[in-house]
Amino acid sequence: MELKKVKESRFNQNGQPGNTTDQINHEGKPWNWMLFPFSSVRVSQDSIIAASVGYGVYEIDEFGEWTKLAAGLPPQASVNRLQLHSGILHACTSEGLFLYEDEEWVDTGLAVPCSQYRILGGTGYAATEYGLWSEVRGEWQKFACPGKKVFDFMNLPQYLVVGHESGIALYDRFMDEWAEFELNRAVTSLSVFRGHLVGASEKGELLIGDKRGLFERIRFNGKFVFSVVSIGIDTYVCTDHGLFRLSMIQNQFALLSVKLGYPVTDVELRNGRLYMATLFQGIQYLDI
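Residues numbered from 1 in each chain as written. Predicted model: local features only at pLDDT ≥ 70, side-chain atom pairs only at ≥ 80, totals over all residues. Heavy atoms only, no water.

Help me out: how do you make sense of the environment of Ser 39 in this one?
Relative to the helices and strands, Ser 39 is located in strand β2 (residues 38-43). On the basis of relative accessibility, which here comes to 16%, the residue Ser 39 falls in the buried class. Along the primary structure Ser 39 and Thr 265 are separated by 226 residues, whereas in three dimensions their C-alpha atoms are 5.7 Å apart. With near-sequence residues (within four places) excluded, Ser 39 lies in contact with Ala 51, Ser 52, Val 53, Val 79, Asn 80, Thr 265, Asp 266 and Ala 277. A polar contact is formed between the side chain of Ser 39 and the backbone oxygen of Val 79, at a distance of 2.9 Å. (Helix = DSSP H or I, 4+ residues; strand = E, 2+ residues; numbered from the N terminus. Buried < 20%, exposed > 50% of the residue type's maximum accessible area, 1.4 Å probe, protein only. Contact = heavy atoms within 4.5 Å. Polar contact = N/O pair within 3.5 Å; in protein donor to acceptor, adjacent residues only side chain to side chain.)

Pasting the structure below:
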């Protein structure tokens, strides 16, 4: 069941938020009424955390109260992604990587623009404008693709896969070798579907690997793909036409609609409920 659509917003005539206080007055409005263009959503045990493009990070508690998590975060920072690891919230921003601790953002020491953060084998890795970095004993070091802008990366049993400004880099742990797949476009998001490496390109295409080193670029009826997200056994495709689930019908890749009607940029599942970050309709949810 979808929350009712909201006609009212807090943007003023200049397109800026009309209320910039930390605690947002939402009296009489549904919990998802904030209409910032959201880029990322994560769900903790107690709240929903959403990142907006250019307007900061917000927490929505169980009572529907919106609180801006502003302390310690540079006001000019644009948040690209949020990540929750062991209950610790991280924000990948244009001003670097931050973690949320004791009700304020703390600089992790990585001060370059960051697009993704993951913990792999107990070590933190960050996709940055200057390659893939790793945190070793509290110090950040360049790890891979130093000459490329990295947007996403993914850990597989045999491979480390990196999406960068011109394609995909793949590290084979068994062979201790890197392979480069130049695609002449940036790969901004990565996932796996039925053994196929899949991704989203900066041009809104869905990229699908053939398991032999070649990649097919697919456009589905003019849809612009923002990201691909794996949740459990499902792979979701966030597009400007809505949210879809990647499927295969008669050996052909297909998109099955999950929620249409507005652009979806990110998705999170918790307790049977899909939470969607949207560009124009706030944070929406769908029970599945």
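What's the story with the nonpolar core in this structure? I'm lost.
Within soluble globular proteins, side chains that are nonpolar generally end up buried alongside one another. Of all hydrophobic cores here, the largest spans 17 residues; its most connected members are Phe 38, Trp 66 and Ile 283. Secondary-structure elements contributing two or more residues to this core are β2, β3 (47-52), β4 (56-61), β27 (273-278) and β28 (283-287). Sort the elements by how many residues they give to this core and β2 lands first, with three residues. Beyond its immediate chain neighbours, meaning those up to four positions away, Ile 283 contacts Trp 31, Asn 32, Phe 38, Val 41, Ile 48, Ala 50, Ile 60, Trp 66, Met 276 and Ala 277. In terms of nonpolar packing, the next biggest core, distinct from the first, is built from 14 residues, Ile 208, Val 225, Val 237 and Leu 255 among them. (Core = buried A, V, L, I, M, F, W, Y, C linked by side-chain atoms within 4.5 Å.)

Explanation requested: the packing of aromatic side chains in the structure shown.
Two aromatic rings, taken as a pair, are described by how far apart their centres are and by the angle between their planes. Summed over the entire model, instances satisfying the criterion amount to 13 aromatic pairs. Between the aromatic rings of Tyr 117 and Trp 140, the centroid separation amounts to 6.5 Å while the plane-to-plane angle is 65°, which identifies the pairing as edge-to-face. Residue Tyr 117 is located in strand β10 (residues 114-120), and its partner Trp 140 is located in strand β13 (residues 139-144); the two are separated by 23 residues in the primary sequence. Judged by relative accessible area, which is 5%, Tyr 117 ranks as buried. Where Tyr 125 meets Phe 143, the ring centres are 5.2 Å apart and the plane angle is 75°; that geometry is what we call edge-to-face. On the criterion of sequence distance, the pair formed by Tyr 125 in strand β11 (residues 123-128) and Phe 143 in strand β13 is long-range, its members being 18 residues apart. When its relative accessible area of 14% is taken as the criterion, Tyr 125 is described as buried. Take Phe 143: its relative accessible area is 39%, and that puts it in the partly exposed class. Pairwise contacts between aromatic rings join Phe 36, Phe 38, Tyr 55, Tyr 58 and Trp 66 into one cluster. The aromatic ring of Phe 153 is capped on one face by Arg 118, whose charged end is 5.8 Å from the ring centroid. (Phe/Tyr/Trp six-rings, centres within 6.5 Å; stacked < 30°, edge-to-face > 60°. Lys NZ or Arg CZ within 6 Å of the ring centre and 35° of its normal.)

Can you walk me through unusual backbone geometry in this structure?
Glycine aside, residues mostly have negative phi, and peptide bonds are mostly found in the trans state. Not every positive phi belongs to a glycine, and Gln 250 is a case in point at roughly 50°. Note on placement: Gln 250 falls in the loop between β24 (242-249) and β25 (252-260). Owing to a relative accessible area of 74%, Gln 250 belongs among the exposed residues under this scheme. Phi angles above zero are rare outside glycine, and Asn 251 is one such case at about 65°. Its place among the elements puts Asn 251 in the loop between β24 and β25.

Sorry if this is basic, but what is going on with the side chain of Arg 42 here?
Inspection of the secondary structure assignment puts Arg 42 in strand β2. One polar contact links Arg 42 to Asp 266, side chain to side chain, over a distance of 3.1 Å. Among all residues touching Arg 42, those that are not within four sequence positions of it are Ser 47, Ile 48, Ile 49, Leu 82, Gln 83, Leu 84, Asp 266, Val 267 and Glu 268.

Got a minute to help me understand the environment of Pro 146 in this structure?
Within the secondary structure layout, Pro 146 lies in the loop between β13 and β14 (150-155). Residues Pro 146 and Lys 211, 65 residues apart in the sequence, show an inter-C-alpha distance of 26 Å.

Before we go on, may I ask you to explain the confidence of the model for the protein in this structure?
Note: predicted coordinates in regions of low pLDDT should not be interpreted at a detailed level. Mean pLDDT over the protein stands at 88; residues scoring 70 or higher make up 90%. Within the model, pLDDT remains below 50 along residues 1-21, and this stretch shows 46 contacts once partners closer than five positions in the same chain are excluded. (pLDDT = per-residue confidence, 0-100.)

What is the right way to read the layout of surface pockets from this model?
The method is simple in principle: a probe with the dimensions of a water molecule rolls over the atoms, and the space it marks as empty is what remains. Counted as a void, the largest pocket has a volume near 850 Å³. If you go around the largest pocket, you meet 43 residues; those closest to its centre are Asn 80, Arg 81, Thr 188, Phe 226 and Ser 227. Those elements that provide at least two residues to the lining of the largest pocket are β2, β6 (79-85), β10, β14, β18 (187-193), β22 (225-231) and β26 (264-270). Looking at the lining of the largest pocket residue by residue, the class counts come to 18 nonpolar, 16 polar and nine charged. (1 Å grid on protein atoms, 1.4 Å probe; cavity = no way out; pocket = protein on both sides within 12 Å on 5 of 7 lines; lining within 4 Å. Points joined across faces, edges and corners; volume = space filled by probe spheres on them. Nonpolar A, V, L, I, M, F, W, Y, C, P; charged D, E, K, R; others polar.)

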